[in-house]
Amino acid sequence: MHIATKSGRIIKLPTPAEDAQINAGIAADQESREWTDQDFALAKPASEFFDAKTYSALAGMRGRGRPVGTTKEVTKERVTLRLDADVLAAIRATGKGWQTRVNDAMRDWVRSHPMG
């Protein structure tokens, strides 16, 4: 079975046999067992668990999005653009950073095709 995310990414769900194998592996791992409702009830937010210095360092680590301090006065504007499916697939197939490459290609086109 497959599901589609809002971004259009297709996610293949495990079959019942694969799901059983995954759950068996979880149950067999004594160092990393599946949490119970009681475990979740006892859990604390990281801000309450770590000392202030450690929490601040952890909170400063970012995994996604623009790095802190890289935004310019003039920021990009979000738009909706309809592209043919084959064109979009080809662009996305170029990998991470495809939106930046599309922006650069559009900038090159605008520079080589003066308006007015």
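Model, not experiment: these values are computed from the prediction.

Caption draft 1: Quick peek at the overall build of the protein. A count of helical and extended segments in the protein gives six helices and two strands. Scanning the protein from its N terminus toward the C terminus, one meets helices and strands in the order β-β-α-α-α-α-α-α. The 116 residues of the protein split such that 1% are buried. Pairs at least 24 residues apart make up 9% of the contacts formed inside the protein by residues separated by at least 6 positions.

Caption draft 2: Looking closely at the pattern of salt bridges. Under the defined criterion, the tally for this structure stands at two salt bridges. The closest approach of N and O atoms between Arg33 and Asp39, which form a salt bridge, is 2.6 Å. For Arg33, a relative accessible area of 48% translates into the label partly exposed. Residue classification places Asp39 among the buried residues on the basis of a relative accessible area of 18%. For Asp104, the salt bridge identified is with Arg107, shortest N-O distance 3.3 Å. A residue pair is termed a helical-turn pair when its members lie 3 or 4 positions apart in one helix, as Asp104 and Arg107 do in helix H6 (residues 98–112) at three residues. Given a relative accessible area of 35%, Asp104 falls into the partly exposed group.

Caption draft 3: Structural context of the confidence of the model for the protein. Mean pLDDT over the protein: 86, with 89% of residues reaching 70 or higher. Across the protein, element-level confidence peaks in helix H2 (residues 37–42) with a mean pLDDT of 94 and bottoms out in helix H4 (residues 52–59) with 88.

Caption draft 4: How the structure looks around the packing of aromatic side chains. By the definition in use, this model includes two aromatic pairs. Plain terms: the ring middles of Phe49 and Phe50 are 5.0 Å apart, the flat faces sit at 90 degrees to each other, and that makes the pair edge-to-face. Its relative accessible area of 33% is what places Phe50 among the partly exposed residues.

Caption draft 5: Fine view of a nonpolar patch on the surface. Nonpolar side chains collect at one region of the surface, where Phe49, Phe50, Tyr55, Leu58 and Met61 lie side by side and expose about 520 Å² of accessible area between them. Mapping Phe50 onto the fold places it in the loop between helix H3 (46–49) and H4.

Basis of the calculations
- Residue indices begin from 1 for each chain and proceed along its sequence in written order.
- Two thresholds apply to this predicted model, a pLDDT of at least 70 for residue-level local features and 80 or more for giving and counting side-chain atom pairs, whereas whole-chain, interface and lining totals are computed over all residues.
- Heavy atoms throughout the structure, all of them, feed into the side-chain values; hydrogens and water do not.
- Put simply, DSSP marks the helices as runs of H or I at least four residues long and the strands as runs of E at least two long, and each gets a number from the N terminus on.
- Using a 1.4 Å probe on the protein chains alone, a residue whose accessible area is under 20% of its type maximum counts as buried, one over 50% counts as exposed, and one in between counts as partly exposed.
- Working rule for contacts: check all heavy atoms of both residues, and any pair within 4.5 Å makes them a contact.
- One side-chain nitrogen of Lys or Arg within 4 Å of one carboxyl oxygen of Asp or Glu is enough to make a salt bridge.
- The pLDDT score gives, residue by residue, the confidence of the prediction method on a 0 to 100 scale.
- Any Phe, Tyr or Trp ring, taking Trp's six-membered ring, that has another such ring centre within 6.5 Å forms a pair; planes under 30 degrees apart are called stacked, those over 60 apart edge-to-face, and the others tilted.
- Only residues whose relative accessible area exceeds 30% and that form no salt bridge are eligible for patches; like-charged ones are grouped when within 9 Å, while nonpolar side chains (Val, Leu, Ile, Met, Phe, Trp, Tyr) are grouped when within 5 Å.
- Only the protein chains shown count as covering a residue, and every accessible area follows the Shrake-Rupley method with a 1.4 Å probe.

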